[in-house]
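Coordinates in review
Each chain, written out:
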Amino acid sequence: MGIFDKVFNQTELSAEKTFTKQEAFLATAVAIAGSDGYVSDEEWSNLVGYVRRIKLFSGCSDIDFNKMFDRLFTILKTKGPGALVQMAKPAMEEDLKLTAFCCAVDIALSDGILEEEEKDVLDQLMQVLEVPEATAISIIEVMLIKNKM
């Protein structure tokens, strides 16, 4: 690795490590939607629907969303959903943790199939976002009812 590779690689890594609070929230949604290697139409629709309704994103333009999604999907492809979850933790505001977990569960269940990879990411999200187990169970039960076919 040459000197320029080291400089540019380090710059990319440091820029990649910090998320805004909006990116942190989106990172959890992108992690669950892409955890099984494919984002279904239902998952994508649910993801976009959530973020458009949350006050956190009220000032975001389509260009802002595209930039955030491009960045997050690049990380998802190169480092996987677990990295997105871990990177989201420092910027995730306390009052958004349950909302992010609810959103993730809803997205995971929206296509009617809960893959093992999605279960793993939900378990990781529960731990990283410090969602109490009893609360997580309640959220999952409600989302199962909501997404019942």
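Since this is a predicted model, take the numbers as computed values, not measurements. (Residues numbered from 1 in each chain as written. Predicted model: local features only at pLDDT ≥ 70, side-chain atom pairs only at ≥ 80, totals over all residues. Heavy atoms only, no water.)

1. A closer look at the overall build of the protein chain
Of regular secondary structure, the protein chain possesses eight helices and zero strands. Its helices and strands in sequence order give the protein chain the pattern α-α-α-α-α-α-α-α, from N to C terminus. For the protein chain, buried positions account for 44% of its 149 residues. When contacts within the protein chain are restricted to residue pairs at least 6 apart in sequence, those whose partners lie at least 24 apart make up 81%. Looking at the protein chain as shown, the accessible area adds up to about 8,500 Å², and 56% of this sits on carbon and sulfur atoms. (Helix = DSSP H or I, 4+ residues; strand = E, 2+ residues; numbered from the N terminus. Buried < 20%, exposed > 50% of the residue type's maximum accessible area, 1.4 Å probe, protein only. Contact = heavy atoms within 4.5 Å. Areas by Shrake-Rupley, 256 points an atom, 1.4 Å probe, with all protein chains shown as cover.)

2. Points about the packing of aromatic side chains
Per the stated rule, a full pass over the model turns up six aromatic pairs. A ring pair is formed by Phe65 and Phe69, whose centres lie 6.3 Å apart and whose planes are at 20°; its orientation type is stacked. Linking Phe65 with Phe69, this pair stays in helix H4 (residues 62–79), spanning four residues, or about one helical turn. Its relative accessible area of 9% is what places Phe69 among the buried residues. Through successive ring pairs, a cluster of aromatic residues spans Phe25, Trp44, Phe57, Phe65, Phe69 and Phe73. Here Arg53 stacks its cationic end above the ring of Tyr50, 5.0 Å away from the centre of that ring. (Phe/Tyr/Trp six-rings, centres within 6.5 Å; stacked < 30°, edge-to-face > 60°. Lys NZ or Arg CZ within 6 Å of the ring centre and 35° of its normal.)

3. Description of the nonpolar core
As a rule of thumb, soluble globular proteins bury nonpolar side chains together. Within the largest apolar cluster, 48 residues are counted, with the highest numbers of intra-cluster contacts made by Phe19, Phe25, Leu26, Phe57, Leu84 and Phe101. Going through the elements one at a time, helix H2 (21–33), helix H3 (41–53), H4, helix H5 (81–88), helix H6 (97–109), helix H7 (116–128) and helix H8 (133–146) are the ones with two or more residues in this core. Among the elements that line this core, the one with the most residues is H2, at nine residues. The residues contacting Phe25, other than those within four sequence positions of it, are Val51, Ile54, Leu56, Phe57, Met92, Leu96, Thr99, Ala100 and Cys103. (Core = buried A, V, L, I, M, F, W, Y, C linked by side-chain atoms within 4.5 Å.)

4. Observations concerning the environment of Val30
With respect to the helices and strands, the residue Val30 is situated in helix H2. Expressed as a C-alpha distance, the spacing of Val30 and Leu47, which sit 17 residues apart in the sequence, is 7.9 Å. Residues within four places of Val30 in sequence aside, it is in contact with Leu47, Phe69, Leu72, Phe73, Leu76 and Leu84.

5. Some details on the pattern of salt bridges
According to the stated counting rule, one finds seven salt bridges in the structure shown. Residue Asp62 is joined to Arg52 by a salt bridge in which the shortest nitrogen-to-oxygen separation is 2.7 Å. Of this pair, Asp62 sits in helix H4 while Arg52 sits in helix H3, placing them 10 residues apart in sequence. Arg52 gets classed as partly exposed once you look at its relative accessible area, which sits at 47%. (Salt bridge = Lys/Arg side-chain N within 4 Å of Asp/Glu carboxyl O.)

6. Notes on unusual backbone geometry
Even without a glycine there, the phi angle at Glu130 is positive, about 60°. Mapped onto the elements of the fold, Glu130 is located in the loop between H7 and H8. Glu130 gets classed as exposed once you look at its relative accessible area, which sits at 52%.

7. Let's talk about a negative patch on the surface
Negative charge collects at one region of the surface, where Glu115, Glu117, Asp120 and Asp123 lie side by side. By the secondary structure assignment, Asp120 is in helix H7. (Patch = residues over 30% accessible without salt bridge, like charges linked within 9 Å, V, L, I, M, F, W, Y side chains within 5 Å. Lys, Arg positive; Asp, Glu negative; His and termini not counted. Charge placed at Lys NZ, Arg CZ, Asp CG, Glu CD.)

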